[in-house]
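# Remarks on the overall topology
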Amino acid sequence: MSKNGKMRVRFAPSPTGALHIGGAHTALFNWLAARHSGGTFILRIEDTDNERSTPEYEQTIMDGMAWLGLDWDEGPKKGGPKGPYRQSEKMCEYTEIADTLIKSGQAYRDGDAVFFRVPTGEQITFDDIIYGEISVASEKASVNTDGTVKDIVLIKSDGTPTYNFAVVADDHGMDVTTVIRGEDHLANTPKQILIYRALGWDTPNFAHLPMILGADKKKLSKRHGATSVFEYKDMGYLPESVFNFLALLGWTPGNDVEIFDRFFAVEKFELSKVTKKPAVFDMKKLDFVNQEHLKAMDPRARYEAIEPFWREMGFDVGKFPAAYLENALVLMGGRGKTTRELAEFSDYFLDFDVVKSRYTANDITPERRENLKNCFGEMLWKFSPDNWEAEKLEDFARGWCDTNGVSLKEIAMPLRFALSGRKVSPGVFEMAALIGRDECRDRLAHFGFVG
RNA sequence: GGUCCCAUCGUCUAGUGGCCUAGGACGCCGGGUUCUCAGCCCGGUAACAGGGGUUCGAAUCCCCUUGGGACUGCCA
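In this text, all values refer to a predicted model and were calculated from it rather than measured experimentally.

With that settled, the discussion passes to the overall build of chain A. What chain A contains, in helices and strands, is 19 helices and eleven strands. Each principal axis of the C-alpha atoms in chain A carries an extent, and together these give about 100 × 45 × 45 Å. Counting every position in chain A, which comprises 451 residues, the buried fraction comes to 51%. Between the mean site of the 57 positive side-chain charges and the mean site of the 68 negative ones, chain A shows a separation of 2 Å.

So this is what it looks like as C-alpha cells:
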C-alpha cells in the first residue's frame, strides 16, 4: 500500500474492443480502491498490439468508464507525472530496460527478439491481497507444453514489448503500489515477479479479482449476450445500477446492504474483503438493482433518464411541460425494470397514435358500450377541466357503478384501454386526471365511448 | 499433460472454531392490498460437494477425492 495507505492503482485495458463487463468490473474495483484510500487511479492504455488496437476502441473504453462514473487521475489526454500513459508512446523505454537485462546476462537476443532467461531453483512467493500466499518454483513459472523451462519473450521480433514485460516496466515506472486485475492474470504473476527481481525492483502488491462468468459458468463472452457496458446503457440500465451490481460481484459492504450509491461504496470498500470465487452474472439481479435505483430517483432525475428513450421512440418530448412528464413517471411508480421499459410503458402520455395502433374497442358489446356512454357522458358533463381530479373521478365512477349495478371494472378497464391502449397501467383515474379532461374526452370519443 | 487457483441455497453472498437446528438478497411458489399490472406487506422453497483427520466442539483448520476455472502465444 505504501506511504500513508494511499494506493496508486491502474486500470490497463488494451484498446481492442469496447469496455466489456469484465473490464468494467476490474476498472470499478481499482477506482474503488483508489478512492477509498484517497489515492490515485491511473488509466493506462496497453496498445502494444498494433494489429488490433485502435483509437476508436480507446475512446469507447474511456466513454464507458465515464458513463459508469469512473474518473481517472492520470491517463492519456489527461496526462500526469508518470506519462506517457499509452504503451505505444514509450517503446524506447522498453528496449532500454531490455538492454540492461542483456548487459547483465539475464536476457539475450535471438534474432530481433529478446528473451529473458528463466532461472531455476528459485521459489517465487507472493502474498495476494485477495488470494493469499501463492508460491511457485521459478522453473515452473514459464514452461513449454512438455514441461521444460521456457524463456520469457521480452521484446517481440517487431520490436514491441510483450505484455508480461511492458506491464512490469510500467507498473514500476508509474509507481503503482497495488496491481488490481482479473484472476486470469494470477498465473502470469510469477513470470512478472521474476522480471522485477532481475531488474532489482520491488514488487508491487497484487490483488487478483474473481472472474465474472455467464450463466453456464464459463467466462463471460459474446455468446452470453450483452458484454459491452454500452449495450446495458441501450437496454435501459442506469449507470448507478450497473455500478452497484458490478460492485456486488465479489464484494459486499456488509450489514446486508445491497442497494447503494458510489459514495457509500467508496466509504465501505475493502480490497481484502473481496471474494475468491468466480461470480455468475445474473441479469435477474441486475433488473432488481436497476428497479431499486429507478424507484429511488427523484422525479426530475427520472425524467432525465427516460427522456432520451422517448426521443429515440420518435416522440416530440419538447411539446410537453416537463412537470407533466415528470408526473407521468411518478404515476408509473415501480413499473418497468429499465428506463427503456419505462419509456415504452408510458408512451401513451405523449402520443395518442400509439394507443390507436394497439386498441380498437371491438371487444366492447353494444350493451356495454351504452353503459360507457352513459357513465363517461355524465362524467364529462359533470367535471370541468379544473375539477378533473383523480379522487373526484373515482368517487363519481364508484357512485355511478353502484347506482347502475355495474362493477367498477366494467368502467375502469375500457377507460384504461381508451387512454393507454394497454391492459396494464397505473390507476386509471390518476391517469385520466393527469392526461386532462379534454384529451380524455377526445380519446374516449375516438373509441365511441361517449355519445 | 503440466503449473496455479477455487468450492455455503438455482444465482449474488454473510459466516473467519462454539452466538449456525447456517443469516440476507435475487429468483421461484403461496397469501394480503386492488380498477389492471407493477409496487408494497406477510409467508414458504432451497445450501455448508464427498471422505478422512485435528479438536471437548468445525461451514470455519489440515489431508485426500471429486467437480469447476485460469494459465501454459513473439495476445493482452
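What follows picks up the thread again.
On to the packing of aromatic side chains, then. Using the criterion set out here, one finds 20 aromatic pairs in the structure. Ring centres 5.3 Å apart and planes at 55° place the aromatic pair Trp-251 and Phe-269 in the tilted group. Of the two residues, Trp-251 sits in the loop between α8 (239–247) and α9 (262–268) while Phe-269 sits in the loop between α9 and β11 (279–280), which places them 18 residues apart along the sequence. Of the residues examined, Trp-251 reaches a relative accessible area of 2% and is grouped as buried. Among the residues examined, Phe-269 registers a relative accessible area of 1% and is labelled buried. Taking the centre distance of 5.9 Å and the plane angle of 35° together, the rings of Phe-260 and Phe-264 count as tilted. What makes Phe-264 partly exposed here is its relative accessible area of 24%. Ring pairs connect the aromatic residues Phe-29, Trp-251, Phe-260, Phe-264 and Phe-269, which therefore count as one cluster. Above the face of the Phe-243 ring, Arg-262 is positioned so that its terminal group lies 4.7 Å from the ring centre.

Reading the values: rules and limits
- Just so you know, the residues in each chain are numbered from 1, in the order the chain's sequence is written.
- Numbering of ligands from 1 and lettering of chains from A proceed in the order in which they are written.
- A pLDDT threshold of at least 70 governs which residues receive local features in this predicted model, and a stricter bar of 80 or more applies before side-chain atom pairs are shown or counted, although totals over entire chains, interfaces and linings include all residues.
- Where side-chain values are given, they derive from all heavy atoms of the structure, hydrogens and water being excluded.
- By the criteria applied, helices consist of DSSP H or I runs no shorter than four residues and strands consist of E runs no shorter than two, each listed in order from the N terminus.
- Only protein chains enter the accessibility calculation, which uses a 1.4 Å probe. A residue is then buried if its area is under 20% of the maximum for its type, exposed if over 50%, and partly exposed in between.
- We treat Lys and Arg as the positive residues and Asp and Glu as the negative residues; His and chain ends play no part in the count.
- To locate a charge, take atom NZ for lysine, CZ for arginine, CG for aspartate or CD for glutamate.
- Pairing of aromatic rings covers Phe, Tyr and Trp, the last counted by its six-membered ring, and requires centre-to-centre distances within 6.5 Å; plane angles under 30 degrees mean stacked, over 60 mean edge-to-face, and any other angle means tilted.
- Geometrically, a lysine NZ or arginine CZ counts as sitting over a ring once it is within 6 Å of the ring centre and also within 35 degrees of the ring normal.

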